[in-house]
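# Descriptive analysis of the structure
Here is what each chain is made of, one letter per residue.
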Amino acid sequence: MDMQQPVRNHLDVTSVLGEVKAIRREGLLRLRDLRVPLLRHAAVSVPGALTDSWPIEVEQLLRAAVSSLGGDDLRSAAEHSLGLASGTRDRPAAERRRRAARVYGVSVERFRKFQEEMVLAQVAEQVCWIAGAGGGERHRAGGGNVPLPAPHLQHRLLAVPAGAGRSVPLTLHVHPVELLRGVDIVVSPTNTHLALPEMYKASVSASLRRAGAVRDAAGAVVGDPVHDELVAWRRAHGVLYRSVPAGTVVPTGSGALRERGIRRIYHAAVAVPRVGTNDYDVLSRDVAVAASRALDLLAEEHALLSPPPRSVCFTVLGAGRGRLSAEESVSAVWPAMAAAAGSRDFHLVVRRPLVADAVTEVLGGRPLPGGAETAGACCAGTGRGSG
């Protein structure tokens, strides 16, 4: 794409990922020679850029995106892959890939086939989120000031029509799911084999598994309770080696997320794998069934747990590799939420403001007074039934 041509306002992850891969291949030293119009557009949309030289702005945007991945193997592998780690800026692509593979303790070829795509996809996700969220402040990183945008954490309190002339309050969170706090239950999508993806992957369920992991003082993972509890449930119910019906919902604890006020994760099996492929099928009716079962399960656990859980947050079920749009997913979930209105505090989390706008429109939601808050507000929980 020529930079003289108009650049789309909406950055899609797939296109940004292609440009991130180009930088991985060619390296930061050749950045000025690369055609990366989407990254250039995203970089200049971030306030507080250090310089008018666009390659530096793009590099600082990448540093911001990688820094947002957290202080674990995912971040380290991304730094080595892109030449952002100390001593790797001028290293050839093969050596940077070798160093990144070493982070995961796998061969270069295995890293290239498996982890590398997911690592770079996570960087692309963060770039799109940063550009969509806007806002920024300088943070100290390494030896200098890097314009790392502060997460534009936001929640919108909406009144959503629920039939018969009534409306239901809904808190719409606009940030990555792993930053959610103060909500009793999170409903997360999974496949009908109830097999969680590896922590380094980009999906909602991988993010929750990663956030729920137990770590030592150095940040290394020493426990994987969300995954382990789900495997235990499969074994106890005789489905360790086979699938469950679409729409099944399985509860587990939340691992380290409990420290953030999240007490349970409900795993909604809505994605049906296509045998022999990496693809999934998701039907709106299965999403609707899973939503109803999740709320039935919440009603059961309300009588069993102390204090009783009250608040529940749905993620956008089936909208990733399941290929449902966010609007289709939320439209399938909402009837169950509307039917249970009055007894629960409902939340929905989406990653980017553009998706939040689309969801608000499809639900016909209208803002309630005091309902658009940013930064620490949603991170600390809404104070409505967090238990």
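Structure first, text after, so check above.
The residue count restarts for each chain, going from 1 along the sequence in the order it is written. In view of the model being predicted, local features appear only for residues whose pLDDT reaches at least 70, and side-chain atom pairs are presented and counted only at 80 or more, with totals across whole chains, interfaces and linings using the full set of residues. Excluded from the side-chain calculation are hydrogens and water; included are all heavy atoms of the structure.

## Details of helix α1 (residues 13–26)
Three- or four-residue spacings in an α-helix give side chains the same orientation, since the helix completes a turn every 3.6 residues. In this description a helix means any DSSP run of H or I spanning at least four residues, a strand means any run of E spanning at least two, and both kinds are numbered starting from the N terminus. Each helix should span, by expectation, one fewer than its residue count multiplied by 1.5 Å. Taking 1.5 Å of rise per residue, 14 residues should cover 20 Å, and α1 covers 20 Å from first to last C-alpha, within 8% of that figure. Considered for burial, the residues of α1 that qualify are Val13, Val16, Leu17, Glu19, Val20, Ala22, Ile23 and Arg24. Residue Gly27 follows α1 closely and has a positive phi angle near 90 degrees. Each residue is placed in one exposure class: buried if its accessible area under a 1.4 Å probe, protein chains only, is under 20% of its type's maximum, exposed if it is over 50%, and partly exposed if it falls in between.

## Structural notes on empty space enclosed by the protein
One way to see where empty space is left: roll a probe the size of a water molecule over the atoms. Detection works on a 1 Å grid of protein atoms alone, calling trapped sets that fit a 1.4 Å probe cavities and calling open sets with protein on both sides within 12 Å along at least five of seven lines pockets, with lining residues defined by an atom within 4 Å of a point. Grid points are joined across faces, edges and corners, and a volume is the space filled by probe spheres set on the points. For the coordinates displayed, the defined rule picks out three cavities of 30 Å³ or more. Taken as a whole, the second largest cavity encloses approximately 50 Å³ of empty space. Among the elements that line the lining of the second largest cavity, the one with the most residues is helix α11 (residues 326–339), at five residues. Considering only residue class, the lining of the second largest cavity consists of eight nonpolar, two polar and no charged. Three classes are used, and their members are as follows: Ala, Val, Leu, Ile, Met, Phe, Trp, Tyr, Cys and Pro are nonpolar, Asp, Glu, Lys and Arg are charged, and the others, Gly among them, are polar.

## Comments concerning the environment of Gly318
With respect to the element layout, Gly318 can be found in the loop between β11 (311–314) and α11. Considered as a pair, Gly318 and Leu283 are 35 residues apart in the sequence and their alpha carbons are 8.2 Å apart. Between two residues, a contact is recorded if the distance between any of their heavy atoms is within 4.5 Å. Setting aside its immediate chain neighbours within four residues, Gly318 contacts Pro189, Val270, Val282, Arg323 and Leu324.

## Topic: the side chain of Ser207
Within the secondary structure, Ser207 is located in helix α8 (residues 204–212). Setting aside its immediate chain neighbours within four residues, Ser207 contacts Val177, Glu178 and Ala202.

## Some details on the pattern of salt bridges
For this analysis, a salt bridge means a side-chain nitrogen from Lys or Arg found within 4 Å of a carboxyl oxygen belonging to Asp or Glu. Counted according to the given criterion, the structure contains 20 salt bridges. In this structure, Glu26 and Arg30 form a salt bridge, with 2.6 Å as the shortest nitrogen-oxygen distance. A residue is classified by how much of its surface remains accessible, and Arg30, at 42% relative accessible area, is partly exposed. Through salt bridges with shared partners, a single ionic network connects Asp90, Arg91, Glu95 and Arg99.

## Some words on the packing of helix α4 (residues 73–82) against helix α5 (residues 93–104)
Working convention: axes come from line fits to C-alpha atoms, limited for helices to the stretch in contact. Angles between N-to-C directions cover 0 to 180 degrees. Two numbers describe how α4 lies on α5: the axes approach to 7 Å, and their chain directions differ by 170 degrees. Relative to α5, α4 is oriented roughly antiparallel. When α4 is examined against α5, the residues Asp73, Leu74, Ser76, Ala77, His80, Ser81 and Leu82 are found in contact with a partner set consisting of Arg96, Arg99, Ala100, Val103 and Tyr104. Classifying every residue of the contact of α4 with α5 by side-chain character gives six nonpolar, three polar and three charged. Convention used here: angles under 35 degrees read as roughly parallel, angles over 145 as roughly antiparallel, angles from 65 to 115 as roughly perpendicular, and any remaining angle as oblique.

## Here we look at the layout of surface pockets
Size it by volume and the largest pocket reaches roughly 1,400 Å³. Residue lining of the largest pocket: 48 residues in total, with Glu125, Ser203, Ala319, Gly320 and Arg321 positioned closest to the centre. Listed by contribution, the elements that provide at least two residues to the lining of the largest pocket are α1, α7 (115–133), β5 (185–191), α8, β9 (264–273), α11, β12 (345–350) and α12 (353–363). With four residues, the top contributor of residues to the lining of the largest pocket is α7. Along the lines of polarity and charge, the residues of the lining of the largest pocket split into 26 nonpolar, 13 polar and nine charged.

## Side note on the nonpolar core
Nonpolar cores are built from buried Ala, Val, Leu, Ile, Met, Phe, Trp, Tyr and Cys residues. Side-chain atoms within 4.5 Å join them into one set. Among the nonpolar cores identified, the biggest contains 42 residues, and Leu295 and Phe314 are the most heavily contacted of them. Sequence-distant contacts of Phe314, defined by excluding residues within four places in its chain, comprise Val187, Ala291, Ala294, Leu295, Val333, Met337, His347, Leu348 and Val349. Counting residues in hydrophobic clusters, the runner-up holds 41 residues, among them Leu39, Ala42, Ala78 and Leu82.

## Observations concerning the packing of α1 against α5
Look at α1 against α5: their axes get within 7 Å of each other, and the N-to-C directions meet at 110 degrees. One way to sum up the angle between α1 and α5 is to call them roughly perpendicular. Contacts from Ile23, Arg24, Arg25 and Glu26 in α1 reach Ala93, Arg96 and Arg97 in α5. Per-class residue counts for the contact of α1 with α5 are two nonpolar, no polar and five charged.

## Describing the pairing of strand β8 (residues 249–253)
Judged by how many residues are buried, β8 sits mostly within the fold: four of five residues are covered. Strands were regarded as paired on the criterion that DSSP finds at least two bridges between them. Bridge count for β8 against β9 is five bridges, and the pairing is antiparallel. Its bridge partner being in β9, Gly253 is matched across the sheet by Arg264.

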